[in-house]
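Take a look at the letters that make up each chain.
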Amino acid sequence: MGAPMAEKRVLLIVAGGIAAFKVPELIRLLRGRGIGVTCVLTKAAAEFVTPLTLQTLSENRVYSEMFSLTDESEIGHIQLSRSADLVVVAPASANILARMAGGLADDLATTLLLATDKRVLVAPAMNVRMWDHAATVANMATLRSRGVGVIGPNSGMMACNEAGFGRMSEPEEILAAILAALEPGARPLAGLHALVTSGPTHEPIDPVRYIANRSSGKQGHAIAAALAALGARVTLVSGPVSVPDPVGVKVVRVETARQMLDASQAALPADIAVCAAAVADFRVASAAQGKIKKVPGAPPPAIELTLNPDILATLSAAGPSRPRLVVGFAAETDDVVAHAQQKRARKGCDWIVANDVRPETGIMGGEANAVHLATESGVEDWPMLPKSEVAARLAARIAQSIGKIA
Ligand code: C5P
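All values derive from a computational prediction rather than experimental measurement. Here the residue numbers are simple positions, counted from 1 along each chain's written sequence. Per-residue local features are limited, in this predicted model, to residues with pLDDT of at least 70; the limit for side-chain atom pairs, both in listing and counting, is 80 or more; totals at the level of whole chains, interfaces and linings are taken over all residues.

Enquirer: Mind showing me how you'd approach the site of the ligand here?
Expert: Any residue qualifies as near a molecule or strand once its backbone-derived C-beta atom lies within 6 Å of it. Looking at the ligand, there are 14 residues lining it, with C275, V279, I311, L312 and G328 nearest. For the shell around the ligand, the elements supplying multiple residues, two or more each, are α12 (311-316) and β17 (325-332). By definition, any uninterrupted DSSP run of H or I lasting at least four residues is a helix, any uninterrupted run of E lasting at least two residues is a strand, and each is numbered from the N terminus. Looking at the shell around the ligand element by element, the count peaks at 3 residues for β17. Classes in brief: Ala, Val, Leu, Ile, Met, Phe, Trp, Tyr, Cys and Pro nonpolar; Asp, Glu, Lys and Arg charged; the others, Gly included, polar. Its residues assigned to classes, the shell around the ligand shows 9 nonpolar, 3 polar and 2 charged.

And the structure:
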């Protein structure tokens, strides 16, 4: 994604947290793009990752509290924070976010953050309860309102053995956000509108019961975020999910397949459509108006199903409002690649992203995905990647291709 960015410089502030173990990989990715990295460690960060590791990988001097007095006379914190093109805090602990929101300057890292005149991105990492705490919620709102960019956090299992939001984004996701912030050229989808469907649909049986599926919305939401990161204006039509709204994306919430179709059509015209939602194929032919009661001695009620509209096929149909590139998903349990190609033809879409959702793969609802991309020129097998990285790659491929299609 994007051209080498020699001459760009990132000031990387590393706060304390177990997620600091991902920082060496982030530095490696940045250096791989030719981006200069200067690291600043808080006192707590130095407990999790050594200055020597970061110095070796960044090929640059590392600043930490231990050396701050000499650094001050040699370089000056104002200069250190201003010679960078971008300031990134990763991991951003609850503590450093609170200090940023409060405008404190009680160590080298926060002094730099207060003195900088550059864009600041933060990648929060903390326990889920700390992330959900009213204090952190208020601090994040303050930082966002000041224009601080927020990457993640993701949800999943954390080092503290609790699950939920608070896991730092993967290095690839942070890299994508950094590239988008550094380089206007890394926004190749600027000016284009992308429609993304995500999550399951809920099809009512009666006012309290519904038919649903296990889709989490993680992959669709990550795709919406990745397209937005490349500059697209994104409308995300989402079924009921518990993942947070991606930043900078317009979210339209729906429950049923028919509502999802209506909202998708209302969002047209779009240049790109990615149908990642797990739309229920069937709905109850006529949902009961009142709660269906259990009648002693009577047989259980039969539920008659009827076919739902196919949103992907509808959007793919030729016509003036057909998006230039329509991408569908295929969740299969056997013959994944063959079914993907058949589905591409049947639905009339341009690409199919196929994945193997046999329960033993852990893909449905999980954090990672191994997909095959079926296009007009064949099938590519991608390795097992975090869903965010699948999204970033897909967005990059869309950016490459839409130029050709245009
Ligand atoms: O036919 P199947 O459900 O396997 O197709 C999956 C693809 O079609 C996904 O991209 C999904 O979002 C889309 N789809 C849809 N509307 C439906 C069923 C599937 O958009 N009713």
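Enquirer: Could you clarify how one ought to interpret unusual backbone geometry in this entry?
Expert: Where the residue is not glycine, phi is negative for most of them; where a peptide bond is considered, it is trans in most cases. With an omega of -5°, the peptide bond running from A90 to P91 counts as cis. The topology assignment puts P91 in strand β4 (residues 86-92). That bond from G152 to P153 is cis: its omega, 0°, falls within 30 degrees of zero. Looking at where P153 falls in the secondary structure, it is placed in the loop between β6 (149-150) and β7 (154-157). Even without a glycine there, the phi angle at E59 is positive, about 55°. On the secondary structure map, E59 appears in the loop between α2 (51-58) and β3 (63-64). Residues are called buried when their C-beta atom has 20 or more other C-beta atoms within 10 Å, exposed when it has 12 or fewer, and partly exposed otherwise; all C-beta atoms are positioned from the backbone. For E59, a count of 10 C-beta atoms within 10 Å gives the class exposed.

Enquirer: Sorry, what's going on with the sheet that holds strand β13 (residues 250-253) here?
Expert: The strands that make up a sheet pair up through hydrogen bonds in the backbone, lying either parallel or antiparallel. Taken in spatial order, the 8 strands of this open sheet run β13-β12-β9-β14-β17-β18-β20-β21, and their pairing is mixed. At either margin of the open sheet sits one strand with a lone partner, and together these are β13 and β21 (378-381). This sheet shows a mean twist of 15° between the axes of neighbouring strands, independent of strand direction. When DSSP finds at least two bridges between two strands, those strands are taken to pair. Strand direction decides the pairing type here: strand β18 (residues 351-356) and strand β20 (residues 371-375), joined by 4 bridges, are antiparallel. In this analysis, axes come from line fits to C-alpha atoms, helices being fitted only over the stretch in contact, and the angle between any two N-to-C directions falls in the range 0 to 180 degrees.

Enquirer: How should the pairing of β7 be read in this particular structure?
Expert: Alignment of β7 against strand β8 (residues 163-167), held across 4 bridges, turns out to be antiparallel. Across the sheet, residue N154 finds its bridge partner in β8, namely R167. Between β7 and β8, which follow one another and run antiparallel, lie 5 residues, and N161 among them has a positive phi close to 70°.

In short, geometric facts, not functional conclusions.
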